[in-house]
Amino acid sequence: MPCLNEVETLATCILKARHAIATLDVDGEIIVADNGSTDGSQAIAHELGARVVDVARKGYGNALIGGIAAARGRFVIMGDADDSYDFTAIGPLLERLRDGCDLVMGNRFMGGIQQGAMV
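Reading the values: rules and limits
- Residues numbered from 1 in each chain as written.
- Predicted model: local features only at pLDDT ≥ 70, side-chain atom pairs only at ≥ 80, totals over all residues.
- Heavy atoms only, no water.
- Helix = DSSP H or I, 4+ residues; strand = E, 2+ residues; numbered from the N terminus.
- Buried < 20%, exposed > 50% of the residue type's maximum accessible area, 1.4 Å probe, protein only.
- Contact = heavy atoms within 4.5 Å.
- Arc of directions from axis to C-beta.
- Polar contact = N/O pair within 3.5 Å; in protein donor to acceptor, adjacent residues only side chain to side chain.
- Salt bridge = Lys/Arg side-chain N within 4 Å of Asp/Glu carboxyl O.

Caption draft 1: Region of the structure containing the environment of alanine 50. Here alanine 50 is to be found in the loop between helix H2 (41-47) and strand E3 (51-54). What makes alanine 50 buried here is its relative accessible area of 7%. In sequence terms alanine 50 and arginine 74 are 24 residues apart; their C-alpha atoms lie 18 Å from each other. With near-sequence residues (within four places) excluded, alanine 50 lies in contact with Ile14, Ile30, Val32 and Ala45.

Caption draft 2: Structural context of helix H4 (residues 91-98). Those residues of H4 lying buried are Gly91, Leu94 and Leu97. For H4, the angular spread of buried residues about the axis comes to 125°, placing them on one side. In this structure, H4 carries Pro92 and Glu95 as exposed residues pointing more than 90 degrees from its buried face. At the C-terminal side of H4, glycine 100 shows a positive phi close to 110°.

Caption draft 3: Region of interest: helix H3 (residues 60-70). Buried residues of H3: Ala63, Gly66, Gly67 and Ala70, and no others. Across the axial projection of H3, the buried residues extend over an arc of 95°, all falling on one side. Residues of H3 that are exposed and point over 90 degrees away from its buried face: Ile65 and Ala69.

Caption draft 4: Structural detail: the side chain of serine 41. Secondary-structure assignment places serine 41 in helix H2. Given a relative accessible area of 0%, serine 41 falls into the buried group. A polar atom in the side chain of serine 41 sits 3.2 Å from the backbone nitrogen of valine 7. A polar atom in the side chain of serine 41 sits 2.7 Å from the side chain of aspartate 39.

Caption draft 5: Seen up close, the pattern of salt bridges. This model, assessed by the stated rule, comprises 3 salt bridges. One salt bridge in this structure joins aspartate 83 and lysine 16, with 2.9 Å as the shortest N-O distance. Taken together, the residues aspartate 83 in the loop between H3 and H4 and lysine 16 in helix H1 (residues 10-23) connect sequence positions 67 residues apart. In this structure lysine 16 comes out as partly exposed when scored by relative accessible area, which is 25%. A salt bridge links arginine 72 to glutamate 29; the nearest nitrogen and oxygen atoms lie 3.8 Å apart. Taken together, the residues span a long stretch of sequence, with arginine 72 in the loop between H3 and H4 and glutamate 29 in the loop between H1 and strand E2 (31-34) at a distance of 43 residues. Residue classification places arginine 72 among the exposed positions, given a relative accessible area of 64%. Classification of glutamate 29 as partly exposed rests on a relative accessible area of 32%. Ionic contacts of the salt-bridge type, sharing partners, join the residues Glu29, Arg51 and Arg72 into one network.

Rendered as structure tokens:
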């Protein structure tokens, strides 16, 4: 989870990811790739058992790269720390990865993007 000052939503995301890992009975880790948060996000991540990776180079892409580079697992499933992705819905993504897909992408917009959503 790339993270920059997500204190309001980070706990929800971590708890959803933990729930999915337990429900799917997978051996997984939760990584928070922190990009310089000043709001206490790191403490929340630590308290909830996530591994915090400090990414000094600023920018969303750098946070993604840093988190992915730190991952120890066979697969990496990424979602933002602002609760815009449903971490409890990773089962179908994981199935496709296990089937041999190199890349699987979900769509948080349920098949479409509303006018003005990306402004």
